[in-house]
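Geometric and topological summary
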Amino acid sequence: MRRTFPLLLTAAALLAAGLTACGDSGDSAGKGGGPSGSGGGTRSVTIGAIAIVDTAPVYLAQSQGFFKKHGIDAKITSVQGGAASITGVMGGQFAFGFANTTSLLTAQQQGLPLKVVANGVASTGERDTDYSAVLVQAGSPVTSAKDLAGRTVAVNQLKNIGDTTVRAAVRKDGGDASKVEFVEIPFPDMPAALAKGRVDAIWEVEPFVTQAAGQGARAVAWPYADAAPGLTVAMYFTTQQTLRKDPGLVKDFTAAMNEALAYADAHPDAVRETLKTYTQIPAEAIAKIKLPKWPTEINRASVQTVADDARQDGTLTKDADLSALLP
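Summarised in this report is the structure supplied together with it. Throughout, a residue's number is its position along its own chain's written sequence, starting from 1. It should be noted that, the model being predicted, local features are given only for residues of pLDDT at least 70 and side-chain atom pairs only at 80 or more, the latter also being counted only at that level, while totals for whole chains, interfaces and linings use all residues. Hydrogens are left out, water is left out, and the side-chain values use all remaining heavy atoms of the structure.

Details of the sheet that holds strand β1 (residues 43-50)
Put simply, the rule is: DSSP bridges decide pairing: two strands pair if at least two such bridges lie between them. Secondary structure elements are defined from DSSP: runs of H or I of at least 4 residues count as helices, runs of E of at least 2 residues count as strands, and each element is numbered from the N terminus. Inter-axis angles, ranging from 0 to 180 degrees, are taken between N-to-C directions of lines fitted to C-alpha atoms, where helices are fitted over the stretch in contact. Pairs of residues are marked as contacts when any of their non-hydrogen atoms sit within 4.5 Å.
Read from one edge of the open sheet, five strands run β2-β1-β3-β10-β4, paired in mixed fashion. Strand pairing shows two members of the sheet lacking a second neighbour, β2 (72-79) and β4 (114-122), which therefore form its edges. Adjacent strand axes in the sheet meet at a mean angle of 25°, parallel and antiparallel pairs treated alike. In the packing of helix α2 (residues 56-63) onto the sheet, contacts are made with β1, β2 and β10 (232-239), and the angle to β2 comes to roughly 145°.

Spelled out as structure tokens, the structure:
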């Protein structure tokens with residue numbers, strides 16, 4: 001997965017060039033848009049989302065008819081990460097996107113006029129059963145988060161939600177978060193890197209937590225659960241201009257996603273079935289992985305905590321303006 005900042009700077013360049021989504025072209029739904037606004041008939045929209053466990057609700061919104069119910073004909077396009085989703089929304093490729101909290105906070109600080117319109121995914125808040133964890137080899141002397149100080153930890157992207165929450169977990173456990181060294185490695189490659197001794201620990205999300213544990217790795221910290229109670233990990237967003245020009249479309253998208261989030265939270269078996277349709281996770285792994293939570297409400301306090309932690313660590317250069325970013 002690519003680094004966040006170059007992609008967001010690309011989006012900033014698009015903004016400067018006047019290529020923001022939903023510009024004066026009148027295409028309020030991104031490329032391929034149809035009639036706009038509530039009551040305007042079925043509108044075609046394209047959504048940029050990562051094909052991972054976290055985004056199951058957006059696929060359920062499509063398969064269960066929640067989008068159709070609200071007059072939306074949705075096309076979901078797989079992207080590599082939240083930064084690519086942000087670039088796509090800013091460039092008009094997508095009407096809506098999915099990105100993690102730190103990516104959205106970073107984009108806002110770079111001057112991108114984004115607006116969150118629906119919750120995305122949340123931590124379970126329970127350390128032993130959360131869907132994200134830091135793991136070490138079975139014989140490692142590391143037994144808790146504070147022991148990660150002075151050690152090398154793999155994350156999928158530097159200066160993002162992984163290192164932000166790992167540092168938060170280290171601080172809460174009484175360790176020196178400034179002494180943790182982070183190395184960027186794609187999630188699928190982390191278990192092998194750990195086994196070969198290239199890193200001391202790996203920060204993973206499902207299905208890779210279950211995969212690494214199956215290969216003998218041992219969980220020592222649960223950064224999402226440790227960083228803040230009920231952490232809002234990621235959210236769906238659009239541009240401020242879309243919100244101004246087509247509030248009906250945004251309202252309908254939010255309503256459809258809220259129904260899908262509630263459905264996903266109440267139907268874990270349906271989530272596991274839909275994972276088979278858009279991810280490459282083996283069926284046997286899907287049956288075992290720990291699922292996140294999908295509340296309809298954004299945990300604003302947890303977003304503020306992430307912003308404060310990112311500011312303390314230098315990922316953000318100034319205090320975040322949550323009132324401008326969040327609904």
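Quick word on the packing of aromatic side chains
Spelled out, the test is: For Phe, Tyr and Trp, rings pair up if their centres lie within 6.5 Å, where Trp contributes its six-membered ring, and each pair is then called stacked (planes under 30 degrees apart), edge-to-face (over 60) or tilted (otherwise). Accessible area is worked out with a 1.4 Å probe on protein chains only. A residue is then buried under 20% of its type maximum, exposed over 50%, and partly exposed in between.
Tallying each qualifying case throughout the model produces 10 aromatic pairs. Ring geometry for Phe96 against Phe253: centres 3.8 Å apart, planes inclined by 5°, an arrangement best described as stacked. With Phe96 in strand β3 (residues 96-100) and Phe253 in helix α11 (residues 247-266), this pair connects stretches of sequence that are 157 residues apart. Look at Phe96 and you get buried, because its relative accessible area is 0%. Through a chain of ring-to-ring contacts, the aromatic side chains of Phe67, Phe96, Phe98, Tyr236 and Phe253 assemble into a single cluster.

As for the side chain of Asp252
To be explicit about the condition: Contacts described as polar in this section are N or O atom pairs within 3.5 Å, which, within protein, must combine one atom able to donate a hydrogen with one able to accept it, while residues neighboring in sequence count only if both atoms come from side chains.
Inspection of the secondary structure assignment puts Asp252 in helix α11. Asp252 gets classed as buried once you look at its relative accessible area, which sits at 12%. A distance of 2.8 Å separates the side chain of Asp252 from the side chain of Arg43, its partner in a polar contact.

Points about the sheet that holds strand β6 (residues 152-155)
Each strand in a sheet pairs with another by means of backbone hydrogen bonds, the pair being arranged parallel or else antiparallel. With mixed pairing, the five strands of this open sheet are ordered in space as β7-β6-β8-β5-β9. Since the sheet does not close on itself, it has two edges, and those belong to β7 (181-184) and β9 (218-221), each with one partner. Across the sheet, the axes of successive neighbouring strands diverge by a mean angle of 40°, strand direction being ignored.

Quick word on the side chain of Lys115
To keep it simple, the criterion reads: His residues and chain termini do not enter the charge count, which takes Lys and Arg as positive and Asp and Glu as negative. Whenever a carboxyl oxygen of Asp or Glu lies within 4 Å of a side-chain nitrogen of Lys or Arg, that contact is scored as a salt bridge.
By the element assignment, Lys115 lies in strand β4. For the buried residue Lys115, which engages in no salt bridge, the nearest side chain bearing the opposite charge is Asp321, 8.4 Å off. A distance of 3.3 Å separates a polar side-chain atom of Lys115 from the backbone oxygen of Ala324. What Lys115 contacts, discounting residues up to four positions off in sequence, is Tyr236, Phe237, Thr238, Thr239, Gln240, Leu243, Ser323, Ala324, Leu325, Leu326 and Pro327.

Regarding the nonpolar core
Rules: The criterion is simple. A nonpolar core is a set of buried Ala, Val, Leu, Ile, Met, Phe, Trp, Tyr and Cys residues joined through side-chain atoms within 4.5 Å.
In this structure, Phe67 and Trp203 are the most contacted members of the largest nonpolar core, which totals 104 residues. The dominant element in this core, judged by the number of residues it contributes, is α11, at eight residues.

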